[in-house]
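Observations on chain architecture
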Amino acid sequence: METEAKIRSAVIALLARREYSRSEIEQKYRDKYDAVLLERVLDHCQEAGYQSDQRFVEMLVRSKVNQGHGLLRILQEGKRKGVSEALLKQSIQMQAPDWFALAAELYQRKFREKTDKQDRKLYEKRMRFLLSRGFTYEQAKHAFETADTELD
């Protein structure tokens, strides 16, 4: 049986490397440690400020925006990491990224040559790329139009 101190040490060592959501830590240590002790340690870590879902969400949104991911992908990633959608939306609203500009910037970085509007296969491939990154159809279409006018 593990002691609370041993669990606390493992959780703090984990948090020393990067931010984790409470849900991620619970999943990681669910099978390894007693659930009641783990819950108590996580409560203590939140009270002491070692672990914060708010900080984790801010870091997640900032890093995903910098990687060129859209709103839909960020929301999906947040759900996968076990944080509340309300907390995610609040953090996204505070950071207020311009999704249209972000999609256009990503498109220009990835595809440097002008798109031939007659080449449907190429258009669809590029559209799938932007959609898979979590941008909406409108944002992806805006990226196409912006890139083509800037390359003229």
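Everything that follows concerns the structure shown earlier in this document.
Residues numbered from 1 in each chain as written. Predicted model: local features only at pLDDT ≥ 70, side-chain atom pairs only at ≥ 80, totals over all residues. Heavy atoms only, no water.

1. Things to note about the nonpolar core
- The biggest cluster of nonpolar side chains holds 27 residues, and the ones touching the most others in it are Leu88 and Leu130.
- Looking at this core, the elements with two or more residues in it are helix H4 (53-66), helix H5 (71-81), helix H6 (85-95), helix H7 (99-110), helix H8 (120-132) and helix H9 (137-151).
- Examining the composition of this core, we find that six residues originate from one element, H7, more than from any other.
- Once you skip the residues sitting within four places of it in the chain, Leu130 turns out to touch Ala103, Leu106, Tyr107, Phe135, Ala140, Ala143 and Phe144. (Core = buried A, V, L, I, M, F, W, Y, C linked by side-chain atoms within 4.5 Å. Buried < 20%, exposed > 50% of the residue type's maximum accessible area, 1.4 Å probe, protein only. Helix = DSSP H or I, 4+ residues; strand = E, 2+ residues; numbered from the N terminus. Contact = heavy atoms within 4.5 Å.)

2. A word on a positive patch on the surface
- Where like charges cluster on the molecular surface, the positive patch consists of Lys6, Arg17, Lys28 and Lys32.
- Secondary-structure assignment places Lys28 in helix H2 (residues 22-29). (Patch = residues over 30% accessible without salt bridge, like charges linked within 9 Å, V, L, I, M, F, W, Y side chains within 5 Å. Areas by Shrake-Rupley, 256 points an atom, 1.4 Å probe, with all protein chains shown as cover. Salt bridge = Lys/Arg side-chain N within 4 Å of Asp/Glu carboxyl O. Lys, Arg positive; Asp, Glu negative; His and termini not counted. Charge placed at Lys NZ, Arg CZ, Asp CG, Glu CD.)

3. What about the environment of Gln95?
- Inspection of the secondary structure puts Gln95 in helix H6.
- For Gln95, a relative accessible area of 31% translates into the label partly exposed.
- Along the chain, Gln95 and Arg55 lie 40 residues apart, while their C-alpha atoms are 13 Å from each other.
- The residues touching Gln95, leaving out its near neighbours within four places in the chain, are Glu58, Val61 and Arg62.

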